[in-house]
Amino acid sequence: MTSGMCVRCGGRIAALQKESVVREKARQLSDQASYPVIYRMLKGVMLCGICLDALPLIGHEICQRCGRDKEFQASTGTEGLCRDCVHGEDDQILVANRSLLRYEKGEKDLLGLFKYRGDERIALYYGTLLAITVQRYYRSMGFICITTVPLHPQRLRERGFNQVDLLARHLGAAIKIPAKPLLLRTKDTPKLSKQKGRTARHESMLKAFVWNGQGMPSAAKILLLDDIYTTGSTLRSCARTIREHLGPSCEVYSLTIYR
Ligand SMILES: [Zn+2]
Ligand SMILES: [Zn+2]
């Protein structure tokens with residue numbers, strides 16, 4: 001049985017050939033309780049066995065706050081935190097971030113393709129990876145909804161779609177949690193890559209979002225979705241706006257494909 005083409009190499013996905021890789025990766029990503037679900041999701045991922053095997057999965061040792069792979073950190077800090085998180089402010093705005101993959105070179109091309117074309121197959125592929133990430137790290141969290149980092153209306157008009165909303169739709173369907181837009185973007189911040197340094201990024205993100213949600217309980221746990229966690233300043237800015245409205249008993253956790 002074949003199940004279509006691999007989103008990475010374009011080759012045919014041969015289910016039989018893929019089977020042993022699916023089992024191995026499922027064991028790597030799960031415990032006993034989550035194995036059947038993760039196994040089934042991996043089987044459905046639109047990758048051939050070779051590309052599945054080559055995925056840069058984040059390992060078992062991670063920074064407990066930002067979800068970064070310890071193996072790839074220059075140096076680690078105390079209490080399970082990476083160097084950036086040890087030196088960052090401990091404001092608890094964002095409880096934690098979790099991601100599935102390291103942002104390596106081959107991954108940049110696929111994400112770029114998705115961002116600018118909004119390819120529906122890649123959206124489904126990434127949606128499944130995000131569902132696996134929820135199973136891996138956030139299984140019993142009881143999130144009330146998924147929400148996304150919004151685009152500025154001007155950018156949305158130019159692009160025609162918000163790629164993260166496509167991901168939220170697929171993820172929501174997979175884990176049966178509704179996706180709700182809770183925020184609007186009021187500042188069209190320059191591309192993060194064009195801004196110099198952590199402080200500049202942080203400042204340009206202040207007051208970039210406003211609340212646009214309705215009927216949310218104050219003690220909600222919210223899953224905030226984006227494609228990549230770089231410094232976390234965008235996600236923290238979103239989380240800050242959510243907490244300003246729902247109050248301190250609300251908890252915001254973020255989820256991204258890449259870290
Ligand atoms: Zn492939
Ligand atoms: Zn960290």
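Look above for the structure.
Residues numbered from 1 in each chain as written. Chains lettered and ligands numbered in written order. Predicted model: local features only at pLDDT ≥ 70, side-chain atom pairs only at ≥ 80, totals over all residues.

(A) Here's a closer look at the overall build of the protein. The helix and strand tally for the protein stands at 10 helices and 8 strands. Counting across all 259 residues of the protein, residues that qualify as buried make up 37%. (Helix = DSSP H or I, 4+ residues; strand = E, 2+ residues; numbered from the N terminus. Buried ≥ 20, exposed ≤ 12 C-beta atoms within 10 Å, placed from the backbone.)

(B) Main features of helix H1 (residues 15-29). When the terminal C-alpha atoms of H1 are compared, their 20 Å separation across 15 residues agrees well with the 21 Å that a helix rising 1.5 Å per residue should span. Tucked inside the fold, the buried residues of H1 contact strand E2 (12-14), helix H2 (35-44), helix H3 (49-54) and helix H6 (120-137). (Expected span 1.5 Å × (residues − 1). Contact = placed C-beta atoms within 7 Å.)

(C) Spatial organisation of the pairing of strand E7 (residues 221-228). One ladder, built from 4 bridges, connects strand E4 (residues 145-148) with E7; its direction is parallel. Bridge pairing in E7 places Ile146 opposite Leu223. Where E7 and strand E8 (residues 251-258) come together, 7 bridges link them in parallel fashion. Directly across from Leu223, in E8, lies its bridge partner Tyr253. (Pairing = 2+ DSSP bridges.)

(D) Expanded view of the pairing of strand E3 (residues 96-101). E3 sits mainly inside the fold: 5 of its 6 residues count as buried. Inspection of the sheet shows E3 paired to E8 by 5 bridges, in the parallel sense. Across the sheet, the residue bridging to Ser99 is Thr256, located in E8.

(E) Representation of the nonpolar core within the structure. Core analysis: the biggest nonpolar cluster contains 63 residues, and Tyr126, Leu130, Leu167, Leu224 and Leu225 have the highest contact counts within it. Broken down by element, this core gets its largest block of residues, 10 residues, from H6. Each of domain 1 (1-55) and domain 2 (59-258) accounts for three or more of the residues forming this core. (Core = buried A, V, L, I, M, F, W, Y, C linked by C-beta atoms within 7 Å. Domains from an automatic or database assignment.)

(F) Focus on unusual backbone geometry. The backbone of Lys176 sits at a positive phi, close to 60°, despite the residue not being glycine. Residue position: Lys176 is located in the loop between helix H8 (163-175) and strand E5 (183-185). Using a count of 6 C-beta atoms within 10 Å as the deciding quantity, one classes Lys176 as exposed.

(G) Highlighting the environment of Lys221. Mapped onto the fold, Lys221 is located in strand E7. Take Lys221: there are 16 C-beta atoms within 10 Å of it, and that puts it in the partly exposed class. Considered as a pair, Lys221 and Ile144 are 77 residues apart in the sequence and their alpha carbons are 5.9 Å apart. Excluding anything up to four places from it in sequence, Lys221 contacts Met141, Gly142, Phe143, Ile144, Glu251 and Tyr253.

(H) Summary view of the packing of H1 against H2. Relative to each other, H1 and H2 sit at 135°, their axes nearing to 9 Å. Taken together, the axes of H1 and H2 are oblique relative to one another. Here H1 runs over H2; the crossing is right-handed. Contact with H1, carried on its side by Val22, Lys25, Ala26 and Leu29, involves Tyr35, Ile38, Tyr39, Leu42 and Lys43 of H2 and no other residues of that element. Residue composition of the contact of H1 with H2, by class: 7 nonpolar, no polar and 2 charged. (Axes fitted to C-alpha atoms, helices over the stretch in contact; angles between N-to-C directions. Parallel < 35°, antiparallel > 145°, perpendicular 65-115°, else oblique. Left-handed = near helix turned anticlockwise from the far one by under 90°. Nonpolar A, V, L, I, M, F, W, Y, C, P; charged D, E, K, R; others polar.)

(I) Local environment of the sheet that holds E3. Spatially, 4 strands are ordered E3-E8-E7-E4 in an open sheet, and the strand pairing comes out parallel. Every other strand in the sheet has two partners, leaving E3 and E4 as the edge strands with one partner each. Going from strand to strand, the sheet's axes swing by 25° on average, the running direction of each strand aside.

(J) Up close: helix H5 (residues 105-117). For H5, spanning 13 residues, the distance from its first C-alpha to its last is 19 Å, which sits close to the expected 18 Å at 1.5 Å a residue. Taken across its 13 residues, H5 has 1 buried, putting it largely on the surface. Gly118 sits one or two residues past H5 and shows a positive phi near 65°.

(K) Geometry of the packing of H5 against H6. Taken N-terminus to C-terminus, the directions of H5 and H6 make an angle of 120°; their axes are 9 Å apart at the nearest point. Of the possible angle classes, the one that applies to H5 and H6 is oblique. Both H5 and H6 take part in a crossing whose hand is left-handed. Contacts between H5 and H6 involve Leu110, Leu113 and Phe114 from the first element and Ile122, Ala123 and Tyr126 from the second. In terms of residue class, the contact of H5 with H6 is made up of 6 nonpolar, no polar and no charged.

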